Amino acid sequence: MIPADLHRLFEAQHQASRIHVEVPLLVRRERLLRMRKMLDEHGTVLAAAVQADFGMRSPRLTEVADFFVLRNLLNQCLRKLARWMKPQRVRTPLYLLPARARIERQPLGVVGVISPWNYPVQLALAPAITALAAGNRVMLKPSELTPHTSAQLAALVAQFFAPDEFCVVQGDVNVATQFSGLPFDHLVFTGSTAVGRRVAQAAAAHLTPTTLELGGKSPCLIAQDCDMADAALKIAHGKLLNAGQTCIAPDYVLLPRGREQAFAQAYRAAVARLYPTIVGNPDYASILTKRHLARLRQMLRQAQSLGAHVEVMGPASSQPGEAAASLWSDAAERQMPPALVFGATSEMQLMQEEIFGPILPVITYERLDDVVAALNAGPRPLALYWFGSDENVRDGILRRTVSGGVSVNDTLMHIAHDNLPFGGVGDSGWGAYHGEQGFLRFSHQKSVLLQSRWSMGALFYPPYGPRLDRV
Ligand code: NAD
């Protein structure tokens, strides 16, 4: 897309948002219903596009990880929108009586959305749905790394929405950079922390507020008293969904010293239960590109060369050595087998960067206090997972650590809860959306004071004589 087209699209949306400042409930509902129709009628085509982009990624996985979330969000918005839109009456302090006051929730105008490739439908449409519910116009720039999905999204959105309501801009990083420089009323970015910094800088030029949904290293903290089989199953599920290419995937495990074997055994059993086979199994997603696969392999090679021990998980039926060989062999669909890494250290790339693949370092600890200190010394993670049964210890960990969100005795699931805001903190992002929090994030909360002719406020008018001493 050439810059002139981009600016023309933005201008059309901007004009429309300034002419139709009030966006009634019926208009918003009708837009959401159109979105639902689009997904109902064309979900299969979109899921096929996602599969084409990944190589191997079952449409059922996309149904669970992308469409389920979107349908849920749409239903929640349709059910609750009338209540969310209602002005909120607030109490008025004595010194302003007899005034009344309320907070009105207004659309911001034009909301820009930049989305990543890992859940290319969910992460493109969820912010768009919430912004539309809040009465905004939306421009979406999906990832260039999922070209089939982005092209389908562009075609479907053009079929179901007027360009000044909701439109899709396709293009590479160059287009993305120009996109982030448009004077939006709000810009939502989901992607890496490094690019998030650039987006925040571009938005600052126009004082455009941003919501940054970024990544990071989300730890799984295992207590001595946890149920190991249950913890390993839930960690394997969270880690291996989409082959580890999930922003809140467990990035590494913190394990009490001496429990390594128990964890490895339980994890192996969990992997075998969830994925009886790896290569050719459509439930086990491909690593998106050769470049991403090479990066993951390089991380493992470096860890091995620095003394780490790598355990590769293969199908239950595989011979010793077979699984390890499959790690390096060039399978057509880039399905990388799950691997545990013992003895990882901070000098290894896999403990310095978000892994974003099916590699799980296991770090052992002796004292929980040391773990808390180490977590607080690093960047604040997007998620933290705690596995244990002592509620006092759990609450102590929750009080003494800061992360975007937490699931206790589970992984990922806090993201699926309708009434919990989802977002990061510090390096993992700022601003949360989902549900009413998202509606508020993409609305302007306007303070309105309704005064009568006589008011207590007149007590504060000059001249400031001794009268004020009594107030
Ligand atoms: P990325 O940062 O490389 O790209 C994301 C988007 O930014 C793409 O659409 C891309 O075109 C665009 N982009 C690239 N350079 C840009 C620039 N200079 N200016 C403006 N836009 C630019 O991320 P990715 O590889 O697509 O996704 C993986 C990352 O996203 C991981 O770090 C993951 O943790 C994170 N993520 C976060 C969440 C969340 O909700 N917090 C969800 C999914 C993924």
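Definitions and limits used
Sequence order as written defines the numbering, with residues in each chain counted from 1. In keeping with the predicted nature of the model, local features appear solely for residues at pLDDT of at least 70, side-chain atom pairs appear and are counted solely at 80 or more, and the whole-chain, interface and lining totals rest on all residues. For two strands to be treated as a pair, DSSP must find at least two bridges joining them. The numbering of helices and of strands both runs from the N terminus, where a helix is a DSSP run of H or I of at least 4 residues and a strand a run of E of at least 2. Here an axis means a line fitted to C-alpha atoms, over the contact stretch when the element is a helix, while the angle between two N-to-C directions is reported on a 0 to 180 degree scale. In this text, near has one meaning. A residue is near a molecule or strand if its C-beta atom, placed using the backbone, is within 6 Å of it. Residues are grouped as follows: nonpolar covers Ala, Val, Leu, Ile, Met, Phe, Trp, Tyr, Cys and Pro; charged covers Asp, Glu, Lys and Arg; every other residue, Gly included, is treated as polar. Working definition: the nonpolar core is a set of buried Ala, Val, Leu, Ile, Met, Phe, Trp, Tyr and Cys residues, joined through C-beta atoms within 7 Å. Neighbour counting defines burial: a residue surrounded by 20 or more other C-beta atoms within 10 Å of its own C-beta is buried, one with 12 or fewer is exposed, and intermediate counts give partly exposed, using backbone-placed C-beta atoms. Any pair of residues counts as being in contact when their C-beta atoms, constructed from backbone geometry, are within 7 Å of one another. Note on terminology: angles under 35 degrees are roughly parallel, angles over 145 are roughly antiparallel, angles of 65 to 115 are roughly perpendicular, and the others are oblique. The crossing is said to be left-handed when, going from far helix to near helix, the turn is anticlockwise and less than a right angle, and right-handed when the turn is clockwise. UniProt positions are given in the numbering used here, feature names are shortened, and annotations may be inferred rather than shown by experiment.

Right, let's get into the sheet that holds strand β2 (residues 100–107). In space, the three strands of this open sheet follow the order β1-β2-β16, with antiparallel pairing throughout. Either end of the sheet is taken by a strand with one partner, and the two such strands are β1 (88–90) and β16 (443–450). The average undirected angle you get between the axes of adjacent strands in this sheet is 25 degrees. In terms of strand pairing, β2 meets β16 through eight bridges, oriented antiparallel. Considered in β16, the bridge of glutamate 104 is made with lysine 446.

Right, let's talk about the site of the ligand for a bit. Around the ligand sit 28 residues, and of these Pro116, Ala176, Gly191, Gly215 and Cys247 come closest. No other element matches helix α6 (residues 173–180), which puts four residues into the shell around the ligand. For the shell around the ligand, the class distribution of residues is 12 nonpolar, 11 polar and five charged.

So, about the nonpolar core. In this structure, Ala128 and Ile129 are the most contacted members of the largest nonpolar core, which totals 114 residues. Considering every element that reaches this core, the biggest residue donor is helix α4 (residues 122–133), with nine residues. With residues near it in sequence (within four places) discarded, alanine 128 still touches Val113, Val138, Leu140 and Phe166.

Between helix α2 (residues 25–54) and α4, whose axes approach to 9 Å, the crossing angle comes to 160 degrees. It follows that α2 is roughly antiparallel to α4 by the angle criterion. Between α2, through Arg28, Arg31, Leu32 and Met35, and α4, the contact on the second element is made entirely by Ile129, Leu132 and Ala133.

The next thing to look at is the packing of helix α8 (residues 228–240) against helix α9 (residues 260–274). Two numbers describe how α8 lies on α9: the axes approach to 8 Å, and their chain directions differ by 55 degrees. Between α8 and α9, the angle is such that the two are oblique. In this structure, α8 crosses over α9, and the sense of that crossing is right-handed. Residues Met228, Ala229, Ala232, Leu233, Ala236, His237 and Leu240 of α8 form the contact with α9, whose own contacting residues are Ala262, Phe263, Ala266, Tyr267, Ala270, Val271 and Leu274. In the contact of α8 with α9, the residues fall into 13 nonpolar, one polar and no charged.

Once that is clear, we can look at the UniProt feature "active site" (unreviewed entry) in the chain. Within this numbering scheme, the UniProt entry marks Glu213 as carrying the feature "active site" (unreviewed entry). Of note, glutamate 213 is situated in strand β7 (residues 210–213). Glutamate 213 sits in the buried class, given 28 other C-beta atoms within 10 Å. Sequence-distant contacts of glutamate 213, defined by excluding residues within four places in its chain, comprise Phe189, Thr190, Gly423, Gly424 and Gly429.

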